[in-house]
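So you can see what is in the structure, the chains are spelled out below.
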Amino acid sequence: MEGTSDTKTDVYHHPPVEVTDEPTDDDVVKKYGTRRDMHDMARMGKVQSLRRNFGYYSILGFSMILMSSWETQTATATFGLTNGGTAGAIYIYIVTFFGFGLAVLSMAEMASMAPTAGGQYHWVSEFAAPSAQKLVSYLTGWLCVLGWQAGSAAGCYLAGTEIQGLIVLNHPNYVPQRWHGSLIAIALVFFSLFINTILARNLPSIEGIILVLHVFGFIAILVPLWVLAPHSSAHEVFTAFNDGGNWGSTGLAVLIGILSPQLSLIGPDAATHMSEEVRNASKTIPRIMLATMLVNGALGFTMLITLCFSIGNLQDVLETPTGYPFIQVFYTATPQGATTMASILVILSQFCAVTNMATASRQLFSFARDQGVPFHSFFEKVPPGWEIPLNAILATTVFSIVLISISFGSTIAFNQLTALGTVALLSSYMLSIGSMALLRIKGRPLLKCHFSLGRYGLMINILALLFLVLSFVMICFPPAKDPTLQSMNWSIVIFVGVLVLSGTYYVVRARHKYVGPVKLVRKDE
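Residue numbers restart at each chain and count upward from 1, following the sequence in its written direction. With pLDDT at 70 or above as the cut-off, local features in this predicted model cover only qualifying residues; side-chain atom pairs require 80 or more to be listed or tallied, and sums for whole chains, interfaces and linings still use all residues. The side-chain quantities take in all heavy atoms of the structure and omit both hydrogens and water.

## Remarks on the overall build of the chain
Then, in step 1: Strands are runs of DSSP state E lasting at least two residues, helices are runs of H or I lasting at least four, and both sets are numbered from the N terminus onward. Within the chain, the secondary structure is distributed over 22 helices and zero strands.
Then, in step 2: In terms of its C-alpha atoms, the chain occupies a principal-axis envelope of roughly 65 × 45 × 40 Å.
Then, in step 3: Here the chain, with 525 residues, has 58% of them falling under the buried criterion.
Then, in step 4: Whether two residues are in contact is decided by their heavy atoms: any pair within 4.5 Å suffices. Within the chain, residue pairs in contact and separated by at least 24 positions form 82% of the contacts whose partners lie at least 6 positions apart.
Then, in step 5: Only the protein chains shown count as cover for residues, and the accessible areas themselves come from Shrake-Rupley with a 1.4 Å probe. Total accessible area on the chain stands at roughly 20000 Å², and carbon and sulfur atoms take up 66% of it.
Then, in step 6: None of His or the chain ends enter the tally, which takes Lys and Arg as positive and Asp and Glu as negative. In plain terms, the charge of a residue is placed at NZ if it is Lys, CZ if Arg, CG if Asp and CD if Glu. Side-chain charges of the chain comprise 30 positive and 29 negative groups, with the mean position of each set lying 9 Å from the other. Classification of residues uses two cut-offs on accessible area relative to the type maximum, computed with a 1.4 Å probe and protein chains only: under 20% is buried, over 50% is exposed, and between them is partly exposed.

Below you can see the structure in the form of structure tokens.
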């Protein structure tokens, strides 16, 4: 394939095999997957050190729970309602759904070509121009690691502070302290660690069970809001805009509110980072990415519309003492059932954190395997008998605790660091899709794959890039005009700082060690 290195390696960890999607005997399938999986790993020069536990429905559950669109949309509605109002939140969600949909299509094609835990940084290494492959894939790898590590901490913190909001609701005399929510979040990090290590082999079954709660929990919350909550008129919901940031422009306010649907729909690459634990990955992963986007996107939009009709007085909801407007909406609809309804959100938020930890650890493991991080030999280690990247999981646990500990001193600082995760992931999407777009523009042949965009590929890639660039710019805005030092959005500054630090490490050390995944790739004959 043009656009990749012609360098070959003498080390191929699997012999050439006949390419077929039919599985071999049961023991081989559990470890190595199908013959196609073995062929893909051999082509990419990778060792199959992880166990392929996941089939179609279990990885679907994993991906659906990680994205958690309707749950996240419910919990983070404040951003869109403050900047945009009910009408703005609805319209920007639609734009974001179609924009991210184009990005998912683009990444699904790349996942079908190269189904590896490395995801975006591997794709950049294999598909970018040879002169840029090494450095750009290295920076992309750091962005992916940073984005998912921040997401793992944010997931536990979200669930922990939701629990604190429930305590406020049920115990009026309770005086909430910032450190209370932080301690709860740290406890939930250890719960995620337990699931990802001791119960690792049961994770596919657990995800299947939680997927059922994801669907039926949605119904259990939706119906009471439809039946019991006071409803605004359709005219008010679809025409009421809000410029809570005092920008002086409704359009700009709506665009800044894009953070809410972004948080709900980001993470379509999650299944990709589990590729080496999925059977028949080159065919299964693209289908999972598309199914997750379509189903979760529809559920998220339905819940958003329901919340907008049930929200009542917007200012009262935004000022709720629980800290979460959705808890106040539930209480207004049914005081007796609000705790149960909110508890469903808490459980699902926590299992979203569990899947975040799994994804973050696989991304770290993969990048360490390619010698992209300090102490790579430690992070890439898979202890005999475990068949999971145990050290990477432990490192993710420590990093999550360190990030959450920042909230003891400043919630704003913690929010800035976790928002940085969204910026980092968007950047990794842009770099990988941009590499594929350039490959198409140059007219170079692409790898054969199960899922191809065909003649529409370049158009889809370019439209996805335009949306991602817009998203990147808007989420770097502060929440309001004329911010203070405390309320300023410093994520872009921290983002540049991370690039400088990783670039410095690259110049000093990594450029002598990191060669990029493409150096192990052989041509697909």
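## A short note on the packing of aromatic side chains
Then, in step 1: Under the pairing criterion, centres of Phe, Tyr and Trp rings, with the six-membered ring standing for Trp, must be within 6.5 Å; the plane angle then separates stacked pairs below 30 degrees from edge-to-face pairs above 60, leaving the rest tilted. Considering all chains together, one arrives at 20 aromatic pairs under this definition.
Then, in step 2: Ring centres of tryptophan 70 and phenylalanine 218 lie 5.6 Å apart, and the angle between their planes is 65°; this geometry places the pair in the edge-to-face category. Linking tryptophan 70 in helix H4 (residues 69-75) with phenylalanine 218 in helix H10 (residues 203-228), this pair joins segments that are 148 residues apart in sequence.
Then, in step 3: Owing to a relative accessible area of 0%, tryptophan 70 belongs among the buried residues under this scheme.
Then, in step 4: Here the aromatic rings of tyrosine 324 and phenylalanine 326 are separated by 5.7 Å at their centres, their planes lie at 55°, and the arrangement is tilted.

## Re the nonpolar core
Then, in step 1: Ranked by size, the top nonpolar core spans 109 residues in total, and within it Phe100, Ile221, Leu225, Phe330 and Leu468 carry the most contacts.
Then, in step 2: The contact partners of leucine 225, leaving out residues within four places of it in the chain, are His231, Met303, Thr306, Leu307, Ser310, Val329, Phe330, Ala333 and Met341.
Then, in step 3: Judged by nonpolar contacts, the second largest core, of 18 residues, contains Cys156, Ile186, Met357 and Ile393. The term nonpolar core refers to a set of buried residues drawn from Ala, Val, Leu, Ile, Met, Phe, Trp, Tyr and Cys, joined through side-chain atoms within 4.5 Å.

## Quick look at the environment of leucine 203
Then, in step 1: Summarising the element assignment, leucine 203 is placed in helix H10.
Then, in step 2: Residue classification places leucine 203 among the buried residues on the basis of a relative accessible area of 3%.
Then, in step 3: Residues leucine 203 and alanine 358, spaced 155 residues apart in sequence, show a C-alpha to C-alpha distance of 9.7 Å.
Then, in step 4: With residues near it in sequence (within four places) discarded, leucine 203 still touches Phe54, Phe62, Ile195, Asn196, Val354 and Ala358.

## Notes on the environment of glycine 147
Then, in step 1: Relative to the assigned elements, glycine 147 resides in helix H8 (residues 133-170).
Then, in step 2: Assessed through its relative accessible area of 4%, glycine 147 is described here as buried.
Then, in step 3: Along the sequence, glycine 147 and threonine 422 sit 275 residues apart, while their C-alpha atoms lie 6.2 Å from each other.
Then, in step 4: When residues no more than four places from it in sequence are discounted, the contact partners of glycine 147 are Gly421, Ala424 and Leu425.

## What about the side chain of arginine 369?
Then, in step 1: For arginine 369, the position within the fold is in helix H17 (residues 338-369).
Then, in step 2: Among the polar contacts made by the side chain of arginine 369, one reaches the side chain of glutamate 276 at a distance of 2.8 Å.
Then, in step 3: Other than its neighbours up to four places away in sequence, arginine 369 contacts Lys46, Val47, Thr116, Glu276 and Glu380. By the criterion applied in these results, polar contacts are pairs of N or O atoms within 3.5 Å in which, for protein atoms, one can donate a hydrogen and the other can accept it, and in which residues neighboring in sequence qualify only through two side-chain atoms.

## Comments concerning the side chain of threonine 306
Then, in step 1: Relative to the helices and strands, threonine 306 is located in helix H14 (residues 281-310).
Then, in step 2: The residues touching threonine 306, leaving out its near neighbours within four places in the chain, are Leu222, Leu225 and Trp226.

## A look at a nonpolar patch on the surface
Then, in step 1: Each patch is built from residues that are more than 30% exposed by relative accessible area and take part in no salt bridge. Like charges join if they lie within 9 Å; nonpolar side chains (Val, Leu, Ile, Met, Phe, Trp, Tyr) join within 5 Å. Salt-bridge detection follows one rule: a side-chain nitrogen of Lys or Arg within 4 Å of a carboxyl oxygen of Asp or Glu. Where nonpolar side chains cluster on the molecular surface, the patch consists of Val212, Val215, Phe216, Ile219, Val223, Trp226, Val227 and Leu228 and spans about 760 Å² of accessible area.
Then, in step 2: As for its position among the elements, valine 223 is in helix H10.
Then, in step 3: With a relative accessible area of 38%, valine 223 lands in the partly exposed category.

## Some details on the packing of helix H6 (residues 85-113) against helix H21 (residues 457-474)
Then, in step 1: Orientation is described by lines fitted to C-alpha atoms, with helices fitted over the stretch in contact, and by angles between N-to-C directions that extend from 0 to 180 degrees. Taken N-terminus to C-terminus, the directions of H6 and H21 make an angle of 130°; their axes are 8 Å apart at the nearest point. As the angle between them shows, H6 and H21 are arranged oblique. Here H6 and H21 pass one another in a crossing that is left-handed. Each of Val95, Thr96, Gly99, Phe100, Leu102, Ala103, Leu105 and Ser106 in H6 lies in contact with H21, whose residues at this interface are Ile460, Asn461, Leu463, Ala464, Phe467 and Leu468.
Then, in step 2: Within the contact of H6 with H21, the residues separate by chemical class into 10 nonpolar, four polar and no charged. Throughout this description, any angle smaller than 35 degrees is read as roughly parallel, any larger than 145 degrees as roughly antiparallel, any in the 65 to 115 degree range as roughly perpendicular, and the remainder as oblique. Working rule for handedness: look at the near helix, and if it is turned counterclockwise from the far one by less than a right angle, call the crossing left-handed; if clockwise, right-handed. In this classification, Asp, Glu, Lys and Arg are treated as charged, Ala, Val, Leu, Ile, Met, Phe, Trp, Tyr, Cys and Pro as nonpolar, and every other residue, Gly included, as polar.

## With respect to the packing of H10 against H17
Between two packed helices, the angle of one axis relative to the other and the distance separating the axes together describe the packing.
Then, in step 1: Viewed as axis vectors pointing N to C, H10 and H17 meet at an angle of 150°, and their least axial separation amounts to 10 Å. For the pair H10 and H17, the crossing hand works out as left-handed. The segment H10 lies against H17, with Leu203, Ile206, Glu207, Ile210, Leu213, His214, Gly217, Ala220, Ile221, Pro224 and Leu225 engaging Met341, Ile344, Leu345, Ile347, Leu348, Phe351, Val354, Thr355 and Ala358.

## Thoughts on the environment of valine 500
Then, in step 1: Relative to the elements of secondary structure, valine 500 occurs in helix H22 (residues 491-513).
Then, in step 2: On the basis of relative accessible area, valine 500 is assigned to the partly exposed category, the value being 48%.
Then, in step 3: Note: C-alpha distance between valine 500 and leucine 139 (361 residues apart in sequence) is 10.0 Å.

## Things to note about unusual backbone geometry
Then, in step 1: With phi around 55°, asparagine 280 is a residue other than glycine that occupies positive phi space.
Then, in step 2: Here asparagine 280 lies in the loop between helix H13 (259-265) and H14.
Then, in step 3: Residue asparagine 280 is classed as buried on the basis of its relative accessible area, which comes to 14%.

## Some details on H21
Then, in step 1: Helix span, as expected, comes to 1.5 Å for every residue beyond the first. Over its 18 residues, H21 runs 26 Å from end to end, which matches the ideal 26 Å to within 8%, given 1.5 Å per residue.
Then, in step 2: For H21, the set of buried residues is Gly457, Ile460, Asn461, Ala464, Phe467, Leu468, Ser471, Phe472 and Met474. The arc that holds the buried residues of H21, viewed along the axis, is 160°, so those residues lie on one side. Throughout, the arc means the angular range of directions from the helix axis out to the C-beta atoms.

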